[in-house]
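Each chain, letter by letter, is given below.
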Number of protein chains: 2
Amino acid sequence: MSIRDADLVLALDFGGTKHTAGLTRRGERAWLATAREFAPGHATAADDLEIMLRLARGLLEGRRPGVTGVSFGGPVDFYSGTVRLSHHVPGWENHALALRLETELGAPAWVDNDANVAALGEFQFGAGQGCESLLYMTVSTGVGGGWVLKGHIWRGHDRMAGEIGHMVVEPGGPECVCGKRGCVERIASGTNIALQAREWLAAQPQRGGKLREMVKQDISAVDARTVAQAAAQGDDLAWEALARGARALGTGIGNAANLVNPQRFVLGGGVTKSGERWWQAVRAAARATALPEVQVEIVPAALGDEAPLWGAVALAINQA
Amino acid sequence: MSIRDADLVLALDFGGTKHTAGLTRRGERAWLATAREFAPGHATAADDLEIMLRLARGLLEGRRPGVTGVSFGGPVDFYSGTVRLSHHVPGWENHALALRLETELGAPAWVDNDANVAALGEFQFGAGQGCESLLYMTVSTGVGGGWVLKGHIWRGHDRMAGEIGHMVVEPGGPECVCGKRGCVERIASGTNIALQAREWLAAQPQRGGKLREMVKQDISAVDARTVAQAAAQGDDLAWEALARGARALGTGIGNAANLVNPQRFVLGGGVTKSGERWWQAVRAAARATALPEVQVEIVPAALGDEAPLWGAVALAINQA
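Every value quoted in this text rests on a predicted model; they were computed, and no experiment measured them.

The rules behind each value
Residues numbered from 1 in each chain as written. Chains lettered and ligands numbered in written order. Predicted model: local features only at pLDDT ≥ 70, side-chain atom pairs only at ≥ 80, totals over all residues. Heavy atoms only, no water. Helix = DSSP H or I, 4+ residues; strand = E, 2+ residues; numbered from the N terminus. Expected span 1.5 Å × (residues − 1). Buried < 20%, exposed > 50% of the residue type's maximum accessible area, 1.4 Å probe, protein only. Arc of directions from axis to C-beta. Contact = heavy atoms within 4.5 Å. Lys, Arg positive; Asp, Glu negative; His and termini not counted. Salt bridge = Lys/Arg side-chain N within 4 Å of Asp/Glu carboxyl O. Polar contact = N/O pair within 3.5 Å; in protein donor to acceptor, adjacent residues only side chain to side chain. Least-squares fit on C-alpha atoms with pLDDT ≥ 70 in both. Buried area = accessible area lost by both parts, 1.4 Å probe. Nonpolar A, V, L, I, M, F, W, Y, C, P; charged D, E, K, R; others polar. Core = buried A, V, L, I, M, F, W, Y, C linked by side-chain atoms within 4.5 Å. Pairing = 2+ DSSP bridges. Axes fitted to C-alpha atoms, helices over the stretch in contact; angles between N-to-C directions. Phe/Tyr/Trp six-rings, centres within 6.5 Å; stacked < 30°, edge-to-face > 60°.

A separate point is helix H9 (residues 276-289) of chain A. Residue and element names in this part refer to chain A. The terminal C-alpha atoms of H9, which comprises 14 residues, lie 20 Å apart, in line with the 20 Å expected from a rise of 1.5 Å per residue. Of all the residues in H9, the buried ones are Trp278, Trp279, Ala281, Val282, Ala285, Ala286 and Thr289. Looking straight down H9, one finds its buried side chains confined to an arc of 160°; they lie on one side. Summarising the contacts, the buried residues of H9 are in contact with helix H8 (236-260), strand S11 (264-268) and strand S12 (298-300).

Residues and elements named next belong to chain B. Topologically, Arg212 is positioned in helix H6 (residues 209-214). Here Arg212 is buried and forms no salt bridge, its nearest opposite-charge partner Asp235 lying at an N-O distance of 7.2 Å. For Arg212, the side chain forms a polar contact with the main-chain oxygen of Gln204, separated by 3.0 Å.

Attention now moves to the relation of the copies chain B and chain A. Once turned by 180° and shifted 0.0 Å along the axis, chain B lies on chain A with an RMSD of 0.0 Å. The transformation just described matches what one would write down for a two-fold rotation axis. Within chain B, Val169(B) has its C-alpha nearest the rotation axis, a separation of 3.4 Å.

On to unusual backbone geometry. At His42(B), a residue that is not glycine, the phi angle is positive and equals roughly 55°. The backbone of Gln217(B) shows a phi angle near 70°, a positive value even though the residue is not glycine.

Before going further, it helps to spend a moment on the interface of chain B and chain A. Listed as interface residues are 39 residues of chain B and, on the opposing side, 39 residues of chain A. Between chain B and chain A the total buried area reaches about 3300 Å² when both faces are included, carbon and sulfur atoms providing 61% of it. When the buried area of chain B at its contact with chain A is split by residue, Trp154(B), His157(B) and Leu259(B) rank highest and sum to 22% of it. Summed over the shared surface of chain B and chain A, the result is zero salt bridges. Remark: the boundary between chain B and chain A carries 18 residue pairs in polar contact (both at pLDDT 80 or more). Those elements that provide at least two residues to the side of chain B that touches chain A are strand S9 (143-149), strand S10 (152-154), helix H8 (236-260) and helix H9 (276-289) of chain B. Residue classes in the side of chain B that touches chain A are distributed as 19 nonpolar, twelve polar and eight charged.

Turning to the nonpolar core, a few remarks are in order. Of all hydrophobic cores here, the largest spans 102 residues; its most connected members are Leu249(A), Leu267(A), Leu249(B) and Leu267(B). The contacts of Leu267(B), once residues within four sequence positions are left out, are Met137(B), Leu249(B), Ile253(B), Thr272(B), Trp278(B), Trp279(B), Val282(B), Ile298(B), Val299(B), Pro300(B) and Ala301(B).

Our next topic: the pattern of salt bridges. Applying the stated rule across the entire model yields 26 salt bridges over all chains. Of the charged contacts in the structure, one is a salt bridge between Glu104(A) and Arg57(A), with a shortest N-O distance of 2.6 Å. Highlighted residues: Glu104(A) in helix H2 (residues 97-105) and Arg57(A) in helix H1 (residues 45-60), separated in sequence by 47 residues. Take Glu104(A): its relative accessible area is 30%, and that puts it in the partly exposed class. With a closest N to O distance of 2.6 Å, Arg155(B) and Asp112(B) form a salt bridge. Here the residue Arg155(B) occupies a position in the loop between S10 and helix H4 (184-188), and Asp112(B) occupies one in strand S7 (residues 109-113), the gap between them amounting to 43 residues.

All names here are of chain B. Burial analysis of strand S8 (residues 133-139) places six of its seven residues in the buried class, which makes it a mostly covered element. Both S8 and S9 contribute to a ladder of seven bridges, which runs antiparallel. By the bridge assignment, Ser133 is partnered in S9 with Leu149. Between S8 and S9, which pair antiparallel and follow one another directly, the connecting turn spans three residues. Here five bridges tie S8 to strand S11 (residues 264-268), and the two strands are oriented parallel to one another. By the bridge assignment, Leu135 is partnered in S11 with Phe265.

Let us look at the pairing of strand S2 (residues 18-25) of chain B. Residue and element names in this part refer to chain B. Of all eight residues in S2, six are buried; the element is thus mostly enclosed. With seven bridges joining them, strand S1 (residues 3-14) and S2 adopt antiparallel strand pairing. Counted as the bridge partner of Asp13 is Thr20 from S2. With antiparallel pairing between neighbouring strands as the criterion, S1 and S2 make up a hairpin whose turn holds three residues. In this structure, S2 lies alongside strand S3 (residues 33-38), joined through six bridges in antiparallel fashion.

Moving on to the sheet that holds S10(B). Residues and elements named next belong to chain B. Reading across from one edge, S10-S9-S8-S11-S12 is the order of the five strands in this open sheet, with mixed pairing throughout. A strand with exactly one partner marks an edge of an open sheet, and here the two such strands are S10 and strand S12 (298-300). Each neighbouring strand pair of the sheet contributes to a mean axis angle of 30°, computed without reference to strand direction. In this fold H9 packs onto S11 and S12, with an angle of close to 155° to the strand it touches most, S12.

Residues and elements named next belong to chain A. Ordered in space as S3-S2-S1-S4-S7, the five strands form an open sheet in which the pairing is mixed. One side of each edge strand has no neighbouring strand; the edge strands of this open sheet are strand S3 (33-38) and strand S7 (109-113). Shown here is a sheet whose adjacent strand axes are inclined to one another by a mean of 15°, direction ignored. Across nine bridges, the pairing between strand S1 (residues 3-14) and strand S4 (residues 63-72) is parallel. Across the sheet, the residue bridging to Leu10 is Thr68, located in S4. Each of S4 and S7 is contacted by helix H3 (residues 114-125), which is oriented at about 105° to S7, the strand it contacts most. Sitting on the sheet, helix H10 (residues 307-319) is in contact with S1, strand S2 (18-25), S4 and S7, with an inclination near 140° to S1.

We now examine the packing of aromatic side chains. Residue and element names in this part refer to chain A. Taken as a whole and assessed by the stated rule, the structure comprises 16 aromatic pairs over all chains. When the ring of Phe78 is compared with that of Tyr79, the centres are 5.1 Å apart and the planes differ by 80°; the resulting orientation is edge-to-face. Look at Phe78 and you get buried, because its relative accessible area is 6%. Every member of this aromatic cluster is reached through a ring pair, and the members are Phe14, Phe72 and Trp92.

This part covers the environment of Trp31(B). Residue and element names in this part refer to chain B. For Trp31, the location among the structural elements is in the loop between S2 and S3. Between the alpha carbons of Trp31 and Leu237 there is a distance of 44 Å; along the sequence they are 206 residues apart. Setting aside residues up to four positions removed in sequence, Trp31 forms contacts with Ala11, Gly22, Leu23, Thr24, Glu306, Leu309, Trp310 and Val313. Within the local environment of Trp31, its side chain forms a polar contact with the side chain of Glu306, the two groups lying 3.3 Å apart.

As a further point, take the side chain of Arg155(A). Judged by its relative accessible area of 8%, Arg155(A) is buried. Leaving out residues up to four positions away in the same chain, Arg155(A) has contacts with Phe78(A), Tyr79(A), Asp112(A), Asn116(A), Met160(A), Ala161(A), Leu315(A) and Asn261(B).

What follows is the structure, encoded as structure tokens:
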């Protein structure tokens, strides 16, 4: 049996395509070491686990940690430590991940979904420090969210709280993956900003010259990043696709502000790198939607890609 | 100095038009006595206070209560016990109501707005018993709401949480008193159901026969109750006005369910007496808006007009 070092905190981030592990000490704000590996194509849950355990053991070098915190990219039942499923990788259905990690690593393990864990990370170590309440949102291929209320993750009765991506803001709008129409995610996510731009490029041959140039006339190559770049260079079509997303997002934030009135909204994810004009459009829509008495503070996430990993540290040390 | 009876709990409900006081004992579920008085027209804060203190002293018969709980029909800062203003009665601006009541009645007093207090009342004594979280909504002349999360009122950073009435559900819809368009309240409140019906009656002379009959052809006499009655008798125009309100309300509830995922939604107020078809329409719209994994339980309030008064009891005994 390996030696237990009670102050060691192991943090694991099971992402859709890459897995990351970090090792730190309780009370510290720097990593002793981190390790990352991309998942192979057609990976299964068993592959993901094997990769992560290899990364973790590499960092631990024979020691047992005091506690393990885990961020998982998919729905999780925190209280039982069970992954419900992964939307990307087969084999995760009702997987007792916390128990498995406890057995393998010899320390208590706490698992939650990535949005909740990243929210806690920003709250404890990032852009939400000093807040009593926040909604963290990731605006990326999808739009997800996680609440911290009175210093604790608010999970909701079915552990589904935070789904601001599926708030309807354009009734009768385009159909979302969830089956409804006009959800925040269906308009504001990177995937859907790019889709909107491609649709407009196909339908309006006279417009979007800069964007077309950028992808060498191959419309199928347009993604959210090229849309943002073209918008920054003054391409109107690109800006309109981006602005429509920003308005949908801001409307969702304003509605959430009226409903829950958190102290701060913290926004991360690739789409938030779309430039100051995008931020202004988000803030303007949120302000126009919130009641005058409701303050709406919207700030960029501070931890970037490391939010889930630092959140996993927070999740672990808050329990232990 | 009067005698202090530490088990006595005094509950006060400052309504827009009527004031109610109740006296009970800690741990009991019945009133020792209650008293009610309608406010005179053009009343001021001083009038309201005088009426309420008279009612309270009548109940107390010379005794001092252990604690006083207060529901106020307007924005309140709970932590300082200060009323911010009344939308109906002048003179309440920044009124230190808790302090005044403590001085007058010789017992600690706790004050919050009526939606929060009613939410707590339903949670502790009504349709929310046994829940860990709920959103209470009153659907009346306006649409208000109050959260109970983990057994406590959730007030939000600016004490503005619960404003589901001003969630936008019909962008570009009719203009609301708040200045926005298509708010839940602007479509779903009793006032606005009646307004919608009157507009359609004026514009569509062939329709709404039963509703016209009911008000003896005086369209200006149409209110939410007559709309509901006509709808129950098969009047299509009346039902459409009612159904549009139900859909707006249900959409707001579904969005709130995705965002916060409370265990239960408790609905009170006059409009909720509009019949089973209205409830079905609310539930259908909420179910269509919430994600499949999110349960949405919508139930009628159990305490009726007494929700604020019993909530005031709960507010008082939870602090003391």
